[in-house]
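Architecture and fold: a report
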Amino acid sequence: MKTYDIVIIGGGPAGLAAAASAKKSGTDSILILERDKELGGILNQCIHNGFGLHTFKEELTGPEYAARFIEEVKELGIEYKLHTMVMDISPEKVVTAMNREDGMFQIQAKAVILAMGCRERSRGALNIPGYRPAGIYSAGTAQRLVNREGFLPGREVVILGSGDIGLIMARRMTFEGAKVKVVAELMPYSGGLKRNIVQCLNDYGIPLKLSHTVVEIRGKERLTGVTIAQVDQKGKPIPGTEEDYDCDTLLLSVGLIPENELSRAAGVDMNPVTSGPVVNESLETSLEGVFACGNVLHVHDLVDFVSEEAAAAGRNASAYVKGSRTAESGREIRMNPTEGVRYTVPSVIRPEQMDDTLTVRFRVGGVYKNCYISVYFDDERVMRRKRPVVAPGEMEEIRLEKAKLLERPDLKTITVKIEEA
């Protein structure tokens, strides 16, 4: 059995950034396992711009952003295997994988970084009545068909869900000559970035109907139309509000789910809110030496934040392998997301192990206008930041300083919440 210091599962933006960071931190024996035929992950089909503003201070397309990290990984001489499916990770960090060349093989890792990304929620999770005609696609599948394969899925389109991929595909399908009739969103707010609503819907006169969902699918062989209706506060359709749309294509952009079958099978503790692993300040899961970063941990809005988080995971995995982290982990401070804050990453912090500053990322559970993001150390408020608006589609962050946490040896809980101004 071959042994590597760090095995990274996934060769998308998170895996690439983690690998480069670990190598620069002084760990040479690194292997990336990627199931696709090339590195770069989902970015290869995201041909729109808007990537890299934070990381490179310039605007790039998805493939351009990925190419910079792929080049860096190759220049650093990091080993990778493509077409390789990881089947299992044992608690002893034995990775079982398979591909055509090697068949089924096992690798002993000293540390594992989970960077498998996320997948789209499917139609099966939505309970929409009707037949199963051709013409219903997830937004990501349609994006791949249009941008990589050169196929246009349809001419008259309705989109359910206002996640970022759905918004971007509304614009993309319009560019390709299709007519996007409406974007319907179940929630009373959009799930995507504000800039995407403006640039992809408003600029092209595509209506966005909030608190609406698809209640009927028509057509047996091929989709011929859908009915959408307004929903009440419980998400139940309101009789009498139905609207019919003739269309041959329905795109579903109804949320992303972190790809965590491997994590669960390995026995990693999961966060029910994010559907990703529970991690500490080092992005280490409940299994010692197994780290997680990127969309497998929680769904990000910008790939720049994925790269930043993955770089931290790479550094910390390298420190773990070299044994430079103290064996005595010291006390743990629990993060307490409440009153509008759905979750925080990380969930626990060990001040003795953290870097000088730590970025804590979180999402809110609704749209809050003219409010404060407040941070409490136990019962004392230590931070308060005024915001004109916070929304679920945009990730928020706060920064904690190691020195301030070490000054408080009795600190047990850090609470993050939304307060009215």
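Analysis parameters
- Residues numbered from 1 in each chain as written.
- Predicted model: local features only at pLDDT ≥ 70, side-chain atom pairs only at ≥ 80, totals over all residues.
- Heavy atoms only, no water.
- Buried < 20%, exposed > 50% of the residue type's maximum accessible area, 1.4 Å probe, protein only.
- Helix = DSSP H or I, 4+ residues; strand = E, 2+ residues; numbered from the N terminus.
- Arc of directions from axis to C-beta.
- Contact = heavy atoms within 4.5 Å.
- Patch = residues over 30% accessible without salt bridge, like charges linked within 9 Å, V, L, I, M, F, W, Y side chains within 5 Å.
- Areas by Shrake-Rupley, 256 points an atom, 1.4 Å probe, with all protein chains shown as cover.
- Salt bridge = Lys/Arg side-chain N within 4 Å of Asp/Glu carboxyl O.
- Pairing = 2+ DSSP bridges.
- Axes fitted to C-alpha atoms, helices over the stretch in contact; angles between N-to-C directions.

Turning our eyes to something else, we now look at helix α3 (residues 139-149). Inspection of α3 places A139, G140, A142, Q143, V146 and N147 among the buried residues, and these make up the whole buried set. The arc that holds the buried residues of α3, viewed along the axis, is 155°, so those residues lie on one side. Looking at the packing, one finds that the buried side of α3 touches β9 (118-120), β10 (136-138), α4 (164-175) and β17 (249-252). Directly beyond the C-terminal end of α3, a positive phi value near 80° is found at G150.

Moving on: a nonpolar patch on the surface. On the surface, M85, M87, M98 and M104 cluster together to form a nonpolar patch covering roughly 390 Å² of accessible area. Note that M87 resides in strand β6 (residues 85-89). By relative accessible area, which is 41% here, M87 ends up partly exposed.

Here the focus is the sheet that holds strand β11 (residues 156-160). Taken together, five strands build an open sheet; the order of strands is β10-β17-β11-β12-β13 and the sheet is parallel. Taken across any chain shown, the strands that pair with only one partner, and hence form the sheet edges, are β10 and β13 (208-210). Sheet twist, expressed as the mean angle between neighbouring strand axes with direction ignored, is 20°. Pairing of β11 with β17, which is carried by four bridges, proceeds in the parallel orientation. Its bridge partner lying in β17, V158 is registered against L250. Helix-sheet contacts for α4 involve β11, β12 (179-185) and β17, and the interaxial angle to β11 is about 170°.

Once that is clear, we can look at the pattern of salt bridges. Working definition: two side chains of opposite charge can pair if their charged atoms are close together. Tallied over the entire structure, the rule returns 25 salt bridges. A salt bridge links K81 to D102, with the nearest nitrogen and oxygen atoms 3.0 Å apart. With K81 in strand β5 (residues 79-81) and D102 in the loop between β7 (94-99) and β8 (103-114), this residue pair connects regions lying 21 residues apart in the sequence. Residue D355 pairs with R315 through a salt bridge whose shortest N-O separation is 3.6 Å. Of the two residues, D355 is situated in the loop between β22 (348-349) and β23 (357-364) and R315 in helix α7 (residues 303-322); the sequence distance between them amounts to 40 residues. Here the salt bridges share partners, and the residues they tie into one network are R35, R119, E259 and E261.

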